[in-house]
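# Fold and geometry: a report
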Amino acid sequence: MSPVTELIRGGRLRLTAYTNYALRTLMFCALHPSQLVRMEDVSDAYGISRAHLLKAARQLGQLGYLENVRGRSGGVRLGRAPEDIVIGEVFRHTEGVLELVECFNPESNTCPLIGVCKLSVLFRAGLKAFFAELDKVTLADMIADGPVLIERLMANQATQQAMQSAGHAVEHMKHATHLTLPSESRLSRCTPLNTDRS
């Protein structure tokens, strides 16, 4: 296995959480083509922050990958057919310029070997191979095992919602207990009953 292949397959070339959330949102929408998807549903299904998803969904809408429908019963849905959404293209939009090593950016580089070092050539070849693989895959390919993916997401969504309900119940009990039980300061001000009858 070449060093380039090891770099890609070994997981040492990592995407940001932002791109991860963007791709997950697209997959969820592709798995539910006949409905408007709420960010709460995506958040519950994956167990990740709704705020982070909203930021990613906003950019995806601006790029035309998603259609954002506002209003009380609004949500998001795919703006293009899944087979027309290339994963490599989405990755480039959400990640921006990837600077694996500092010499990728001549303006901020401090290494004196820039231009003559083979390490940067290796990394550029690895990045090119990485994107070549991503460009072979569409969103339709990503959801090819649709029923299995939906089953997993529904199970996780149910778990997340159960945890949230349990958390709300605990908070309600705490609040109710706080209202019904006297505080320590009130108890300390109570006059003790005089039981001395002598």
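Let's shift gears to helix H6 (residues 118-134). With 17 residues, H6 extends 25 Å from end C-alpha to end C-alpha; this agrees with the ideal 24 Å at 1.5 Å per step. Buried within H6 we find Ser120, Phe123, Gly126, Leu127, Phe130, Phe131 and Leu134. Angular distribution of buried residues about the axis of H6 spans 130°; they occupy a single face of the element. Residues of H6 that are exposed and angled more than 90 degrees away from the buried face: Lys118, Val121 and Lys128.

Let us look at the pattern of salt bridges. Applying the stated criterion to the full structure yields six salt bridges. When the shortest N-O distance is used, the salt bridge between Glu40 and Arg50 registers 3.1 Å. Here Arg50 lies in helix H4 (residues 50-62) and Glu40 lies in helix H3 (residues 39-46), a separation of ten residues in the sequence. Owing to a relative accessible area of 39%, Arg50 belongs among the partly exposed residues under this scheme. A salt bridge links Glu89 to Arg80; the shortest N-O distance between them is 3.1 Å.

Applying the stated criterion across every chain, the model contains four aromatic pairs. Measuring from ring centre to ring centre gives 5.5 Å for Phe91 and Phe131, while their planes differ by 80°; the resulting arrangement is edge-to-face. Here Phe91 is found in helix H5 (residues 87-95), whereas its partner Phe131 is found in helix H6, with 40 residues between them in sequence. The pair Phe91 / Phe131 is uniform in exposure class, with both members buried. Here Phe131 falls in the buried class, since its relative accessible area comes to 11%. Every member of this aromatic cluster is reached through a ring pair, and the members are Phe91, Phe130 and Phe131.

Rules of the game
- Residues numbered from 1 in each chain as written.
- Predicted model: local features only at pLDDT ≥ 70, side-chain atom pairs only at ≥ 80, totals over all residues.
- Heavy atoms only, no water.
- Helix = DSSP H or I, 4+ residues; strand = E, 2+ residues; numbered from the N terminus.
- Expected span 1.5 Å × (residues − 1).
- Buried < 20%, exposed > 50% of the residue type's maximum accessible area, 1.4 Å probe, protein only.
- Arc of directions from axis to C-beta.
- Salt bridge = Lys/Arg side-chain N within 4 Å of Asp/Glu carboxyl O.
- Phe/Tyr/Trp six-rings, centres within 6.5 Å; stacked < 30°, edge-to-face > 60°.

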